[in-house]
Amino acid sequence: MNREEYKMTREDILKILGIENSDPLTQNELLQQVSSSVSTRILNKVTEQLDDNDLDELSKLIDADDEAAVSSYIESKIPDFESFKAKIEEDTIREIGNNSKGLVEKANHIQSDTIAT
């Protein structure tokens, strides 16, 4: 699949997270947290795809602080890496969005129960 098929815009992400009407500072803070979660998830999924020898080699490249070599190595080991990565990004963002909406609903329910009592 083409990478562009998966590309989510900032506006898409804000809507999925339910924060499209929040102030820009809040949006940026939450987007940073989501970005960190996405990066962690991608790294975990990449390591699941590699054998021990591949992981050792990747570790050496990371230790050498050669970002281009790291990217090239991962792309050589994971077919269609851009689509692989984009799918994980989208799934993670949607999962966080679904979880956050559930938390907001629970908080609103608790608040309405407290007010009613």
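Preceding this section is the structure that the text describes.
Cut-offs applied
Residues numbered from 1 in each chain as written. Predicted model: local features only at pLDDT ≥ 70, side-chain atom pairs only at ≥ 80, totals over all residues. Heavy atoms only, no water. 1 Å grid on protein atoms, 1.4 Å probe; cavity = no way out; pocket = protein on both sides within 12 Å on 5 of 7 lines; lining within 4 Å. Points joined across faces, edges and corners; volume = space filled by probe spheres on them. Helix = DSSP H or I, 4+ residues; strand = E, 2+ residues; numbered from the N terminus. Core = buried A, V, L, I, M, F, W, Y, C linked by side-chain atoms within 4.5 Å. Buried < 20%, exposed > 50% of the residue type's maximum accessible area, 1.4 Å probe, protein only. Contact = heavy atoms within 4.5 Å. Patch = residues over 30% accessible without salt bridge, like charges linked within 9 Å, V, L, I, M, F, W, Y side chains within 5 Å. Areas by Shrake-Rupley, 256 points an atom, 1.4 Å probe, with all protein chains shown as cover. Salt bridge = Lys/Arg side-chain N within 4 Å of Asp/Glu carboxyl O. Lys, Arg positive; Asp, Glu negative; His and termini not counted. Charge placed at Lys NZ, Arg CZ, Asp CG, Glu CD. Axes fitted to C-alpha atoms, helices over the stretch in contact; angles between N-to-C directions. Parallel < 35°, antiparallel > 145°, perpendicular 65-115°, else oblique. Nonpolar A, V, L, I, M, F, W, Y, C, P; charged D, E, K, R; others polar. Expected span 1.5 Å × (residues − 1). Polar contact = N/O pair within 3.5 Å; in protein donor to acceptor, adjacent residues only side chain to side chain. Left-handed = near helix turned anticlockwise from the far one by under 90°.

### Remarks on the layout of surface pockets
Of the volumes computed, that of the largest pocket is approximately 870 Å³. At the level of elements, helix 1 (3-6), helix 3 (24-49), helix 4 (52-63), helix 5 (67-77) and helix 6 (81-116) are the ones that each hand at least two residues to the lining of the largest pocket. In terms of residue count, the dominant contributor to the lining of the largest pocket is helix 3 (nine residues).

### Observations regarding the nonpolar core
Judged by nonpolar contacts, the single largest core of 21 residues is most densely connected at L17, V46, L58, I74 and I93. Only helix 2 (10-17), helix 3, helix 4, helix 5 and helix 6 provide two or more residues apiece to this core. Here the element with the most residues in this core is helix 3; it accounts for five residues. Apart from the residues lying within four places of it in its own chain, the contact partners of L17 are L31, V34, I93, I96, G97 and S100.

### Description of the side chain of D54
By secondary structure assignment, the location of D54 is in helix 4. Setting aside anything within four residues of it in sequence, one finds D54 in contact with Y73 and K77.

### Some remarks on a negative patch on the surface
A contiguous patch of negative charge on the surface is contributed by D51, D52, D56 and E57. On the secondary structure map, D52 appears in helix 4. Classification of D52 as exposed rests on a relative accessible area of 60%.

### Concerning the packing of helix 2 against helix 3
Taken N-terminus to C-terminus, the directions of helix 2 and helix 3 make an angle of 90 degrees; their axes are 11 Å apart at the nearest point. Put simply, helix 2 runs roughly perpendicular to helix 3. Taken together, the residues of helix 3 that come into contact with helix 2 (itself represented by R10, I13, L14 and L17) are Q27, N28, L31 and V34. Here the residues of the contact of helix 2 with helix 3 are counted per class, giving five nonpolar, two polar and one charged.

### Observations regarding helix 3
Here helix 3 contains 26 residues, and its C-alpha end-to-end distance of 37 Å stays within 8% of the 38 Å for a straight helix at 1.5 Å per residue. The N-capping residue of helix 3, defined by a side-chain oxygen 3.2 Å from the backbone nitrogen of L25, is D23.

### Examining the environment of R10
Assignment of secondary structure puts R10 in helix 2. Here the alpha-carbon distance between R10 and L31, two residues 21 residues apart in the chain, equals 9.0 Å. A distance of 2.8 Å separates polar atoms of two side chains, one belonging to R10 and the other to N28.

### Describing the packing of helix 4 against helix 5
Two elements in contact, helix 4 and helix 5, have axes separated by 9 Å at closest approach and are oriented at 160 degrees. Regarding the angle of helix 4 to helix 5, the classification is roughly antiparallel. Both helix 4 and helix 5 take part in a crossing whose hand is left-handed. Counted together, D54, E57, L58, L61 and I62 of helix 4 and A69, V70, Y73, I74 and K77 of helix 5 form the full contact between these two elements. Looking at the contact of helix 4 with helix 5 residue by residue, the classes come out as seven nonpolar, no polar and three charged.

From the geometry alone we can't say anything about function, so treat these as descriptive.
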